[in-house]
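# Overview (structure and organization)
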Amino acid sequence: PLPSPVMWHERIIPLALVIYIRSAFGKACAGDNLSSDAPLRIGVKYKPDDCRKLSKKGDRLLIGYTGTLYSDCSVFDESYYEGFSFTYGQGEVIKGWDQGLGGMCVFEKRKLTIPANLAYGTDGQGDKIPSNSTLVFEVELLGINGKKPKKDKGRQPGWSKQKKKMQPKPEKPAMGGMMGGMGGMMGGMGGMGGMGGM
């Protein structure tokens, strides 16, 4: 049977509100890049209760990440569970990472929305990152200087289930990773193996 007018009305209004809210705050894939000189956007998505050891310049960080284009949400690079290792604050990565990953504790998650001037600028990167692209990174700090909490203590509940839902990793570029300051941010540097206890 058809729903009563009251039931129909109750179903229409929430949908209209959802459409309005999404329009007011913008879509996940905006279509247009941010201005190249726009500020870096840092959103904290999860922070463990025990957050005493924070990342700082000179630390060796292990970061899990997924990188997408702001314009269409296409994935251009990903190393979410293996992670990528680099020395923070030394210019080994794009500026958006060197400015956006400080003061993090292990297993904290952030969303970085990085304008072109803090990423690859007018040059872009290969076929997957066009000129003047705004980039979005979902990141999780997996270790600091080779250490992380024992038994993944403090990691977001349900993270292992989320792993199963992740889409297959896209193919890596031949030179070993999309990201890069001087020689490719994500490739050729190896991970932080043999994690001990913090």
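Thresholds, definitions, all that
Residues numbered from 1 in each chain as written. Predicted model: local features only at pLDDT ≥ 70, side-chain atom pairs only at ≥ 80, totals over all residues. Heavy atoms only, no water. Helix = DSSP H or I, 4+ residues; strand = E, 2+ residues; numbered from the N terminus. Buried < 20%, exposed > 50% of the residue type's maximum accessible area, 1.4 Å probe, protein only. Contact = heavy atoms within 4.5 Å. Areas by Shrake-Rupley, 256 points an atom, 1.4 Å probe, with all protein chains shown as cover. Salt bridge = Lys/Arg side-chain N within 4 Å of Asp/Glu carboxyl O. Pairing = 2+ DSSP bridges.

This paragraph deals with the overall build of the protein. What the protein contains, in helices and strands, is three helices and seven strands. Ordering the α and β elements of the protein from the N terminus gives α-β-β-β-α-β-β-β-α-β. Relative to its full complement of 198 residues, the protein shows a buried share of 38%. Here the contacts in the protein between residues at least 6 apart in sequence split such that 74% fall between residues at least 24 apart. A total of about 11600 Å² of accessible surface is found on the protein, and carbon and sulfur atoms cover 55% of it.

Turning our eyes to something else, we now look at the pattern of salt bridges. The full count for this structure, using the stated rule, is six salt bridges. Glutamate 138 serves as the salt-bridge partner of lysine 45, at 2.8 Å between the closest nitrogen and oxygen. Of this pair, lysine 45 sits in strand S1 (residues 41–46) while glutamate 138 sits in strand S5 (residues 135–144), and the two are 93 residues apart along the sequence. Residue classification places glutamate 138 among the partly exposed residues on the basis of a relative accessible area of 24%. Residues aspartate 59 and lysine 56 are paired through a salt bridge, measuring 3.3 Å at the closest nitrogen-oxygen approach.

Within strand S3 (residues 75–87), 10 of the 13 residues are buried, which leaves it mostly tucked inside the rest of the structure. Pairing analysis gives eight bridges linking strand S2 (residues 60–69) to S3, with the strands arranged antiparallel. Looking at the pairing, glycine 67 lines up with aspartate 77 of S3. Adjacent in sequence and paired antiparallel, S2 and S3 are bridged by five residues, among which cysteine 73 carries a positive phi angle near 65 degrees.

Just geometry here; none of it tells us what the structure is for.
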